[in-house]
Amino acid sequence: MINHEYVHGRQPTFRLSRLGGMTATATSAFAGIGRSDAALRTFLHGLPGVDQVGAEQRAAMLGTRSIKTTAKAWAIDLAIRMVDLTTLEGADTPGKVRALCAKARRPDPADPSAPAVAAVCVYPSMVPVAAEELAGSGVHLASVATAFPSGQAPLDVKIADTRAAVAAGADEIDMVISRGAFLAGRYAEVYDEIVAVKEACGDAHLKVILETGELATYDNVRRASWLAMLAGGDFIKTSTGKVPVAATLPVTLVMLEAVRDFRAATGRQVGVKPAGGIRTTKDAIKYLVVVNETAGEDWLDPDWFRFGASTLLNDLLMQRTKLKTGHYSGPDYFTVD
Amino acid sequence: MSDRLAVRKTYKLYVGGKFPRSESGRSYLVQDSNVALASRKDVRDAVVAARAAVKGWSGATAYNRGQILYRVAEMLEGRRDQFVGLGETPADVDAAIDRWVWYAGWSDKIAQVYGNANPVAGPYFNISAPEPTGVVGIVAPPDSPLLGLVSVVAPAIVTGNTVVVLASEGQPLPAVTLAEVLATSDLPGGVVNILTGRVAETGPWLAAHMDVNAIDLTGVPDAELARSLEEAAAGNLKRVVRPPATPIDWHADPGLGRLTAFLETKTVWHPKGV
């Protein structure tokens with residue numbers, strides 16, 4: 001059987017009738033969904049399956065688009081504005097975080113026209129340092145929380161972790177879901193956890209890390225995406241960057257479909273953040289193409305799409321310099337971190 | 001029995017230890033063979049590969065680098081007939097092999113000849129040692145596709161530099177065949193990268209590349225092009241080897257000029273005890 005889902009140029013939004021008779025006024029229909037494992041399982045397992053071959057083929061096909069000259073310059077600047085400049089190492093020091101913040105505010109000191117990045121992403125213990133450095137700059141401050149990267153800690157520890165990060169000045173929280181619970185089918189547990197963390201976030205934006213490299217199938221990615229959105233996540237994020245398989249183009253495609261369909265169903269827009277393994281400008285532009293072709297232009301904005309990356313920024317800056325000066329630049333002319 | 005249909009060979013680039021076609025998909029015809037026609041993006045990829053190889057190659061012991069260069073000479077010896085078949089004279093091939101051996105021997109001697117213990121007015125050991133420059137761009141001599149090529153590549157890499165070579169435009173086949181020799185000689189990928197094609201097209205990108213530390217213009221007979229390449233090289237103060245005023249006799253004693261052209265001198269002050 002041909003799966004028509006991926007055959008057309010732009011994939012049609014799947015009709016909500018396939019989601020068990022829900023209509024466009026579906027917000028209320030989702031209201032009680034987190035009450036039980038059974039209700040969540042019925043819903044999540046009722047989502048249409050992902051055509052793996054189709055998704056991979058479509059992602060590969062979109063990756064071949066040629067983006068050149070002025071379009072490329074535009075894409076590079078947009079990608080820079082979408083970067084969550086990240087350092088999540090045991091060896092992070094206040095000095096390193098300060099340096100990273102300086103780079104986030106002005107990525108290319110030699111060229112004031114280079115835009116600032118979207119956010120700096122650090123561990124909770126580094127939030128006070130970063131908050132001081134970023135004050136008044138317009139650069140957001142994200143903190144990972146909830147026993148990042150494994151998520152294997154009791155709920156009250158995760159809540160305390162989140163509250164501490166927000167209190168210290170983080171305005172975005174990157175939480176990890178309990179993959180163990182999700183894979184064991186304890187969906188309500190994962191749901192409740194996200195709801196609880198969202199509540200602990202207060203005004204801070206919540207990004208929910210699905211750790212797609214550990215979810216094994218695209219079906220699970222789609223289910224986890226919906227679960228995170230239903231529970232109130234403002235962003236869904238692919239990976240922690242701490243497992244071998246991080247963000248891939250097909251996984252991001254599946255997640256973008258999920259946010260598109262979620263908005264169609266509920267009217268609420270959710271952002272997407274691929275993280276880990278995106279190192280080159282070419283990769284970043286492929287992602288932007290997939291965003292545009294899957295979720296649409298509304299998501300081509302730092303408020304709705306981010307790159308979790310560290311080395312990517314330097315490559316973007318090198319490409320930017322190349323476009324401006326007409327000759328190739330080198331890593332010697334940009335900061336190491 | 002019917003005549004066997006020979007497998008025809010496409011001569012490809014040599015970048016990062018692999019043999020890719022040109023990113024542009026272009027090729028040109030030389031001696032009835034298709035040869036990849038490199039583009040500026042191939043230059044870029046080659047420089048990235050060369051830069052990535054600097055750490056390992058310059059960090060290898062001089063003895064180890066020497067052994068690998070000897071190995072290149074051994075492999076070259078085994079392919080002698082192939083080079084002769086490409087139109088090289090046996091004398092040129094022999095000289096090219098001998099040149100590898102000659103430069104290989106210099107790997108662990110250059111620091112002794114060009115390094116020094118300096119007398120200083122203080123309680124210090126003061127030691128100067130030559131170190132590789134980094135990534136060297138080389139325009140290979142157009143008229144001597146094997147011996148000339150070996151004579152410009154071997155001295156650059158023996159001291160620990162990595163190179164991006166623009167091979168002889170009109171006679172690129174020996175360069176690509178040499179790449180096959182290098183690929184089977186334990187030479188780490190990326191230490192030598194060979195691009196075939198138009199020097200006038202790719203040369204300016206190599207000369208202006210900010211991640212290239214030196215450029216050897218020996219193979220640029222066109223004075224006007226050489227001048228513009230040298231100007232482009234000034235952007236990041238590359239070391240420049242100018243084209244020779246008179247044609248070089250590649251069979252003559254090469255001297256040490258090409259070895260030392262791509263070296264930096266590091267001087268260390270070390271306190272003496274007591």
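Look up: the structure comes first, before these words.
Definitions and limits used
- Residues numbered from 1 in each chain as written.
- Chains lettered and ligands numbered in written order.
- Predicted model: local features only at pLDDT ≥ 70, side-chain atom pairs only at ≥ 80, totals over all residues.
- Helix = DSSP H or I, 4+ residues; strand = E, 2+ residues; numbered from the N terminus.
- Rg over C-alpha atoms; globule rule 2.2 N^0.38 Å.
- Buried ≥ 20, exposed ≤ 12 C-beta atoms within 10 Å, placed from the backbone.
- Core = buried A, V, L, I, M, F, W, Y, C linked by C-beta atoms within 7 Å.
- Contact = placed C-beta atoms within 7 Å.
- Nonpolar A, V, L, I, M, F, W, Y, C, P; charged D, E, K, R; others polar.
- Pairing = 2+ DSSP bridges.
- Axes fitted to C-alpha atoms, helices over the stretch in contact; angles between N-to-C directions.
- Arc of directions from axis to C-beta.
- Parallel < 35°, antiparallel > 145°, perpendicular 65-115°, else oblique.
- Left-handed = near helix turned anticlockwise from the far one by under 90°.
- Right-handed = clockwise from strand over helix to strand, strands pointing away.

**Student:** I'd like a rundown of the overall build of chain B, residues and numbers included.
**Tutor:** Regarding its fold elements, chain B presents 10 helices and 11 strands. Against the globule reference of 19 Å for 274 residues, chain B gives a C-alpha radius of gyration of 19 Å, in line with a compact fold. Viewed in the frame of its principal axes, chain B has a C-alpha envelope of about 85 × 40 × 35 Å. Residue burial in chain B is summarised as follows: out of 274 residues, 47% are buried.

**Student:** Just give me the short version of the overall build of chain A, but keep the residues and values in it.
**Tutor:** Looking only at helices and strands, chain A has 12 helices and 8 strands in total. C-alpha extents for chain A along the principal axes are approximately 55 × 45 × 35 Å. Across the 337 residues of chain A, 48% fall into the buried class.

**Student:** Residues and numbers for unusual backbone geometry, please.
**Tutor:** For the bond running from F148 of chain A to P149 of chain A, omega is 0 degrees, close enough to zero to count as cis. Here P149 of chain A shows up in the loop between β3 (140–145) and α6 (155–167). A positive phi angle, near 65 degrees, is found at D186 of chain B, a position not held by glycine. Inspection of the secondary structure puts D186 of chain B in the loop between α7 (173–183) and β8 (192–195).

**Student:** Describe the nonpolar core, and please don't skip the residues or the numbers.
**Tutor:** Residues V83, V120 and L227 of chain A are the most contacted members of the largest nonpolar core, which totals 100 residues. Each residue touching V83 of chain A, except ones within four places of it in the same chain, is listed here: V117, A118, F307, A309, L312 and L313 of chain A. Within the second largest apolar cluster, 83 residues are counted, among which are L37, A46, W106 and L259 of chain B.

**Student:** Residue-level account of the interface of chain A and chain B, with values.
**Tutor:** With 7 residues of chain A at the interface, the matching set in chain B holds 8 residues. Residue classes in the side of chain A that touches chain B are distributed as 3 nonpolar, 3 polar and 1 charged.

**Student:** Summarise the sheet that holds strand β9 (residues 214–216) of chain B; cite the residues concerned and give the values.
**Tutor:** Residue and element names in this part refer to chain B. As summarised here, the arrangement of the 5 strands in space is β8-β7-β6-β9-β10, forming an open sheet in which the pairing is parallel. In this open sheet, the two strands that pair with only one neighbour each are β8 and β10 (239–241). Across the sheet, the mean angle from the axis of one strand to that of its neighbour is 15 degrees, orientation sign disregarded. Where helix α8 (residues 199–208) meets the sheet, its contacts fall on β6 (135–139), β7 (162–166), β8 and β9, and the angle it forms with β7 comes to roughly 155 degrees.

**Student:** Quick rundown of helix α1 (residues 37–44) of chain A? Include the residues and the values.
**Tutor:** Residue and element names in this part refer to chain A. Looking at α1, one finds that the buried residues are L40, F43 and L44. Looking straight down α1, one finds its buried side chains confined to an arc of 90 degrees; they lie on one side. Turned more than 90 degrees away from the buried face of α1, the exposed residues are A38 and T42. Residues of α1 that are buried in the fold lie against α8 (187–201) and α9 (218–230).

**Student:** Could you give me a rundown of helix α2 (residues 52–62) of chain A, with the residues and numbers involved?
**Tutor:** Residue and element names in this part refer to chain A. Among all positions of α2, only A55, R58 and A59 are buried. Down the axis of α2, the smallest arc covering the buried residues is 100 degrees, so these residues share one side. Relative to its buried face, α2 has exposed residues pointing more than 90 degrees away, namely V53, A60 and M61. Buried residues along α2 sit in contact with α9, α10 (249–266) and α11 (281–294).

**Student:** Which residues make up the environment of D92 of chain B, and what values do they have?
**Tutor:** All names here are of chain B. Following the sequence through the fold, D92 ends up in helix α4 (residues 90–106). The exposure class of D92 is buried, given the 21 C-beta atoms found within 10 Å. Along the backbone, D92 and L146 are 54 residues apart, and their C-alpha atoms lie at a distance of 7.4 Å. If sequence neighbours within four positions are ignored, D92 has contacts with L146 and L147.

**Student:** Talk me through the packing of α8 of chain B against helix α9 (residues 223–233) of chain B; I want residue IDs and the actual numbers.
**Tutor:** Residue and element names in this part refer to chain B. Where α8 contacts α9, the two axes come as close as 7 Å, and the packing angle between them is 25 degrees. Accordingly, the angle class assigned to the pair α8 and α9 is roughly parallel. Note that α8 runs across α9; the crossing there is right-handed. Contacts between α8 and α9 involve A200, G203, P204, A207 and A208 on the former and, on the latter, L225, S228, L229, A232 and A233.

**Student:** Give me the sheet that holds strand β11 (residues 263–271) of chain B: which residues, what numbers.
**Tutor:** Residues and elements named next belong to chain B. A sheet is described by the order of its strands in space; here 3 strands give the open sequence β4-β5-β11, paired in antiparallel fashion. If you trace the sheet from one side to the other, it starts and ends with β4 (116–118) and β11, each paired once. With strand direction ignored, the average angle separating the axes of adjacent strands in the sheet is 25 degrees. Pairing geometry for strand β5 (residues 124–132) and β11, over 9 bridges, is antiparallel. Paired with P130 across the two strands is T265, which belongs to β11.

**Student:** Outline the pairing of strand β5 (residues 205–209) of chain A, supporting the account with residue identities and numerical values.
**Tutor:** Residue and element names in this part refer to chain A. Burial within β5 is extensive, with 4 of its 5 residues counted as buried. Where β5 and strand β6 (residues 235–237) come together, 3 bridges link them in parallel fashion. Along β6, the bridge assignment pairs K207 with F235. This β-α-β element, β5 to α9 to β6, shows right-handed connectivity.

**Student:** How would you explain the environment of G170 of chain B if you had to name every residue and give the values?
**Tutor:** All names here are of chain B. With respect to the secondary-structure elements, G170 resides in the loop between β7 and α7. C-beta crowding within 10 Å serves as the criterion here: with 10 such atoms nearby, G170 is assigned to the exposed category. The spacing of G170 and L29 is 141 residues in sequence and 9.7 Å in space, taken between C-alpha atoms.

**Student:** Residues and numbers for the pairing of strand β1 (residues 83–86) of chain A, please.
**Tutor:** Residue and element names in this part refer to chain A. Covered by surrounding structure in β1 are V83 and L85 together with D84 and T86, the residues of both alternating faces. Where β1 and strand β8 (residues 307–309) come together, 3 bridges link them in parallel fashion. Bridged to L85 within β8 is A309.

Worth remembering: the numbers are spatial, not functional.
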